[in-house]
Amino acid sequence: MPDMRIEAVVNGRKIARSAQPHQRLLDFLRDELQLTGSKDGCGAGECGACSVFVDGVLMKSCMMPVGKAQGASIETVEGLAQKGDLSVLQKAFHKTGASQCGYCIPGMVMAATAALRANPFADREEIKERLGGNICRCTGYQKIFDAVELARDVQNGRLPATALAEADVSEGKFIGANVRRIDAPSKVSGALRYAGDMTMPHMLHMQVLRSPHAHALIESIDTSEAEAMEGVEGVITCADVPGEDGFGVFVHDQPVMARGKVRYVGEAVAAVAAEDLVTARRALAKIKVAYKPLSAVFDPFEAMKSGAPVIHDYAPDNVTKHIPIRKGDVEKGFAQSDLVVEQDYETQAIEHAYLEPEAGLGYVDHDGVVTIVSPSQNITHHRHMLAKIIAKPISKVRFIMSPVGGGFGGKEDMIYQGMLALMAMKTRRPVRLVFTREESIATTAKRHPSRTTLRMGLTRDGRIQAVAFKMVCDGGAYGLSTEGVMRKAAILGAGPYNIPNLQMDTYGVYTNNTPSGAFRSFGALQTQFATESHLDICAERLGLDPFEIRRINAMRDGAQTHTKQTLKSVSYLRVLEAAEKASRWEKGAPTSRGDSRSDLGGEGVRASCSLGARFSADVTREAAE
Amino acid sequence: MLLCDAYLTPKSLDEAFDLIEAHRGRYRLVAGATDLLPWAREGRAGDVHIPVLIDIATIPQLRERTVSEKGVRLGAATPIQRFLDDAALGRAMPAMPRCAVWFADDQLREAATIGGNVVNASPAADGVPPLAAHDAVVELASRKHGRIETRRVPIGDFIIGPGKTALTEDEILVAIECAALQGYGGSFEKVGHRRSLVISTVCLAALVKLDDDGRRFDDVRLCLGGIGPVPDRLRDVEQFLKAGPVDADRLARAAEMPVSLVRSRTRQDYRRDVVRGFMLRGLVNAARRAGAEPDLFSAELEAACA
């Protein structure tokens, strides 16, 4: 079947291009017209990074076969800024700091434009509702809603156009001032190119074959059929690694592609580069891998038992890292206590869910420098690791950090850059890899799931006498940042409290689950959840106010931590005070509450989710008419 | 990834049947495509190759809609968003705008069609319970020996199981017809994992008409979705509610009646709690919108249902 010919008007210009019948409008805009302001964040209609106007109606272009756009008039984010001048909404996004990583912002600007076109007087609730199809991971939305309200008021003349201008920042006083982000115009206009938006002449498209098994030996990999396919320019496996294969943040335990065995579902086994994406995907299906399944272990406590399946030969007990810290004598401390409370706490794996799925471009430049462009959060470390893997001097390895469309720690690991390098070296052509959303969720690091047993002894006056804290984390199949997360957890886990007798043990354990890695707060979240929940329980048992029990034990200026660090200044008491005030806390033990509570409702407390703001807007409008 | 060799957009029903006959056994019909595209991805169907996609959404007959005192006729390719922006349609189908606002988001509602929602026959489909409450009838067209024939099937008989309908091979759902219920109060209660863009865990469509005093139900139509393989029209509850004056006791007893119908594969206890709450909230909201006397419900009940 021949390609289709699509005739349409795009941003006011007539276009006529051939398209493949399976393409979505999003593919057509990005690949054929190079309009990469519209992003592919999920490919499933969930995120709205691809929102465009089709005949004046906002649509998700990832949910629209290109055939539906035949003869249509399409407006993309690139069409909003006429003659290079940002639209009022774009200026408002710039003014309020509504763009952070920026990946969702073109779609968000489009949705906001649609909202104000539908109702130029929309209130905040209606704006929220009309932006409901667009997800932002960075901002928490408030600055985005602020921007839409600001644009609305400027458009309606309720605010002067100068409200969009940069506020004066007096010399040296930047904290607390509205300082505009210098990269915002490129984000609100869709001009900024992320790795997945970049192309190079003669570029190949790479796809990765991934393990369907959690734990299995690889008996053979037969790539011959894939390699023989027309349009396939290269197939790589671990056999293509010329140097010392292994990466990781602390221990280099992960091969670029599975070597000898696979350790989790989704682990890279082989990769194909082809002239186009469809050929690359078809070629993956032609690679034959013979697996011999091994018994797998999915629970860290099971993995620590003797006789459990061993995941890495170097760690026969499956322990990636154990961090023990001791201070004083906990048994003595418990003996001095009036109350000893023991409780278990559990947290789950969490996906970072940045809007930009992993993507990268690899090429070998004219001087033979292997170059990787990707949103890596750790390019210097990656560069050193890659040099060893491909057996080249460091001067022949270059990493370029592309704009990061959200990272939150999830882009610290070199999980695909090695494959790009090997493929570029093998094919001598530029190679691009763009993860699907599903691939990103299934194969990249998660926040460590944890189980903590916390034992705390206190005297009747609320003073902590002893803490025994043991946390076991599921590190998944590879080390990645596990060691660092365990260290941070052991250092920060007991909280900003003076604890005379303390025993901290944190364990990162190998399992056949998706690897765990860096995630904002690096082990503090899991441990603080346990420690702070525990203090509330102890306050209840002692009949103390939860703020009070914290004040009693709080570190003050000059305190020494259990890792022997002296803290010159400790802001904790000020933080407590601010939190107590902002939450309108009613003093007393948690058990002392009556039927009525003054801390519910009011400023700072949001109502539960509802929909239908536009119905009340309709009623208001009808009444006005 | 969805792959196809041809994407065809017939401009009439006859042309659509020409294409169906030419590509029999190797085609699939498409309307909004909002279900098809996410289906053809990793974790669900994966890469799917369908030789021919026939997009019927632009056939004029399938886009037409007529709304009168007597009834409503909706072309199958009517986008869900029309229930929100066509005021006359909203008045004739008072639960539908409330359903539509919870249905995906503004953008997908412009693509997604009411006919597509019906033929998918998902147990969690949002659009079906309000249609069932309207006693809607679907019109199905096929072409035999060169002549287009139609048959009409009540929606309750059309949807026979999860993903299963009475649609026969090479048949097209062309329209949906139902009574116009002006003057009824409508509500649609829904819970899902996110405010926008999720299908229902449980949903309830309620349509009520009050007597002149605003104290008795002249008519009540209730349909629950998400609790079993197909939507459940609650005829016995409707009879019970019409049998006497509206008071707290009758509402409470009515709310309890469908709880035993929950037979979903997962989270039954949760769904039972939701059903109980939704029955009260759905009835109170619908009655209020039907012009109930302000004192009909206690302030406590009103607040709980806000």
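Residues numbered from 1 in each chain as written. Chains lettered and ligands numbered in written order. Predicted model: local features only at pLDDT ≥ 70, side-chain atom pairs only at ≥ 80, totals over all residues.

Draft legend 1. Seen up close, the overall build of chain A. The helix and strand inventory of chain A stands at 18 helices and 20 strands. Taken against the 2.2 N^0.38 rule, which gives 25 Å for 625 residues, the C-alpha radius of gyration of chain A at 28 Å falls within 12% of a compact globule. Projecting the C-alpha coordinates of chain A onto the three principal axes gives extents of approximately 85 × 75 × 45 Å. Look at the contacts in chain A between residues 6 or more apart in sequence, and 75% of them connect residues 24 or more apart. (Helix = DSSP H or I, 4+ residues; strand = E, 2+ residues; numbered from the N terminus. Rg over C-alpha atoms; globule rule 2.2 N^0.38 Å. Contact = placed C-beta atoms within 7 Å.)

Draft legend 2. Expanded view of the overall build of chain B. From N to C terminus, chain B includes 14 helices and 16 strands. In terms of overall size, chain B behaves like a compact globule, its C-alpha atoms giving a radius of gyration of 20 Å where 306 residues would be expected to give roughly 19 Å. Referenced to the eigenvectors of the C-alpha coordinate spread, the extents of chain B come out at roughly 65 × 45 × 30 Å. Counting all 306 residues of chain B, 50% fall into the buried class. Pairs at least 24 apart in sequence give 67% of the contacts found in chain B among residues at least 6 apart. (Buried ≥ 20, exposed ≤ 12 C-beta atoms within 10 Å, placed from the backbone.)

Draft legend 3. Structural context of the domain arrangement of chain A. Residue and element names in this part refer to chain A. The assigned domain composition of chain A is domain 1 (1-75), domain 2 (80-166 + 181-192) and domain 3 (313-351 + 446-553). Computed over C-alpha atoms, the centres of domain 1 and domain 2 are 23 Å apart. If you look at the interface, domain 1 gives 11 residues, while domain 2 gives 11 residues. In terms of residue class, the side of domain 1 that touches domain 2 is made up of five nonpolar, five polar and one charged. (Domains from an automatic or database assignment. Nonpolar A, V, L, I, M, F, W, Y, C, P; charged D, E, K, R; others polar.)

Draft legend 4. Region of the structure containing the sheet that holds strand S6 (residues 204-210) of chain A. Residues and elements named next belong to chain A. The mixed open sheet is built from seven strands, whose spatial order is S8-S10-S6-S17-S14-S15-S16. Across the chains shown, the open sheet's two edge strands, defined by having one partner strand only, are strand S8 (232-236) and strand S16 (397-401). Across this sheet, the average inter-strand angle for adjacent strands is 20°, counted without regard to direction. Judged from the five bridges that link them, strand S15 (residues 370-374) and S16 form a sheet pairing that is parallel. Residue Val373 lies in a different strand from S16, and its bridge partner there is Ile400. (Pairing = 2+ DSSP bridges. Axes fitted to C-alpha atoms, helices over the stretch in contact; angles between N-to-C directions.)

Draft legend 5. Local environment of the interface of chain A and chain B. The interface is formed by 32 residues belonging to chain A together with 29 residues belonging to chain B. Going through the elements one at a time, strand S4 (57-60), helix H8 (277-284) and helix H13 (437-443) of chain A are the ones with two or more residues in the side of chain A that touches chain B. In terms of residue count, the dominant contributor to the side of chain A that touches chain B is S4(A) (four residues). Split into classes, the residues belonging to the side of chain A that touches chain B amount to 13 nonpolar, 11 polar and eight charged.

Draft legend 6. Just helix H14 (residues 482-492) of chain A, in detail. Residue and element names in this part refer to chain A. Within H14, eight of the 11 residues are buried, which leaves it mostly tucked inside the rest of the structure. Where H14 is concerned, the buried positions are Thr482, Val485, Met486, Arg487, Ala489, Ala490, Ile491 and Leu492. Where H14 is buried, its residues meet strand S12 (319-327), strand S19 (464-476), strand S20 (501-510) and helix H15 (524-542).

Draft legend 7. Layout of the packing of helix H2 (residues 88-96) of chain A against helix H5 (residues 142-155) of chain A. All names here are of chain A. Where H2 contacts H5, the axes come no closer than 8 Å and their chain directions differ by 135°. Here H5 runs oblique to H2, going by the angle between their axes. As for how H2 packs across H5, the hand of that crossing is right-handed. The segment H2 lies against H5, with Val88, Leu89, Ala92, Phe93, Lys95 and Thr96 engaging Lys143, Asp146, Ala147, Leu150, Ala151, Val154 and Gln155. (Parallel < 35°, antiparallel > 145°, perpendicular 65-115°, else oblique. Left-handed = near helix turned anticlockwise from the far one by under 90°.)

Draft legend 8. A look at the sheet that holds strand S13 (residues 339-347) of chain A. All names here are of chain A. The mixed open sheet is built from five strands, whose spatial order is S12-S20-S19-S18-S13. Lying at the two open borders of the sheet, with one neighbouring strand each, are S12 and S13. Going from strand to strand, the sheet's axes swing by 5° on average, the running direction of each strand aside. Contacts from H15 reach S13, strand S18 (450-458) and S19, with the element oriented near 145° to S13.

Draft legend 9. Expanded view of the domain arrangement of chain B. Residues and elements named next belong to chain B. On domain assignment, one finds that chain B holds domain 1 (2-55), domain 2 (60-179) and domain 3 (185-305). Look at where the C-alpha atoms of domain 1 and domain 2 centre, and you get two points 20 Å apart. With 11 residues of domain 1 in contact, the opposing surface of domain 2 contributes 14 residues. The biggest single contributor to the side of domain 1 that touches domain 2 is helix H1 (residues 13-22), with four residues. Counted by class, the side of domain 1 that touches domain 2 contains seven nonpolar, two polar and two charged residues.

Draft legend 10. Looking closely at H8(A). Taken residue by residue, H8(A) has Thr279(A), Ala280(A), Arg282(A), Ala283(A) and Leu284(A) as its buried positions. Buried-residue contacts for H8(A) involve S6, helix H7 (224-228), S8 and strand S10 (268-274) of chain A.

Draft legend 11. Quick peek at the pairing of strand S1 (residues 4-10) of chain A. Residues and elements named next belong to chain A. Burial along S1 is one-sided: the residues Met4, Ile6, Ala8 and Val10 are buried and none of Arg5, Glu7 and Val9 is. Alignment of S1 against strand S2 (residues 13-19), held across seven bridges, turns out to be antiparallel. For Met4, the partnering residue across the bridge sits in S2 and is Ala19. Linkage of S1 to S2, two consecutive antiparallel strands, is achieved through a turn of two residues, within which Asn11 is found at a positive phi near 50°. One ladder, built from two bridges, connects S1 with strand S5 (residues 73-75); its direction is parallel. Each residue of the ladder has a partner; that of Val9, found in S5, is Ser73.

Draft legend 12. Broad picture of the nonpolar core. In this structure, Val272(A), Met419(A), Ile54(B) and Val208(B) are the most contacted members of the largest nonpolar core, which totals 271 residues. What Ile54(B) contacts, discounting residues up to four positions off in sequence, is Leu8(B), Pro10(B), Ala16(B), Leu19(B), Ile20(B), Tyr27(B), Leu29(B) and Val30(B). (Core = buried A, V, L, I, M, F, W, Y, C linked by C-beta atoms within 7 Å.)

Draft legend 13. Here's a closer look at the environment of Ser450(A). Residues and elements named next belong to chain A. Its location among the elements puts Ser450 in strand S18. Take Ser450: there are 27 C-beta atoms within 10 Å of it, and that puts it in the buried class. In the structure, Ser450 is positioned 49 residues away from Ile499 in sequence and 23 Å away in space, judged by C-alpha atoms. When residues no more than four places from it in sequence are discounted, the contact partners of Ser450 are Glu346, Thr347, Met471, Cys473 and Gln526.

Draft legend 14. Representation of the packing of H14(A) against H15(A) in the model. All names here are of chain A. Direction vectors running N to C along H14 and H15 enclose 30°, while the axes themselves pass 8 Å from each other. Classified by the angle between their axes, H14 and H15 sit roughly parallel to one another. In the packing of H14 onto H15, the handedness of the crossing is right-handed. Where H14 abuts H15, its residues Lys488, Ala489 and Leu492 lie against Ala524, Gln526 and Thr527. Considering only residue class, the contact of H14 with H15 consists of three nonpolar, two polar and one charged.

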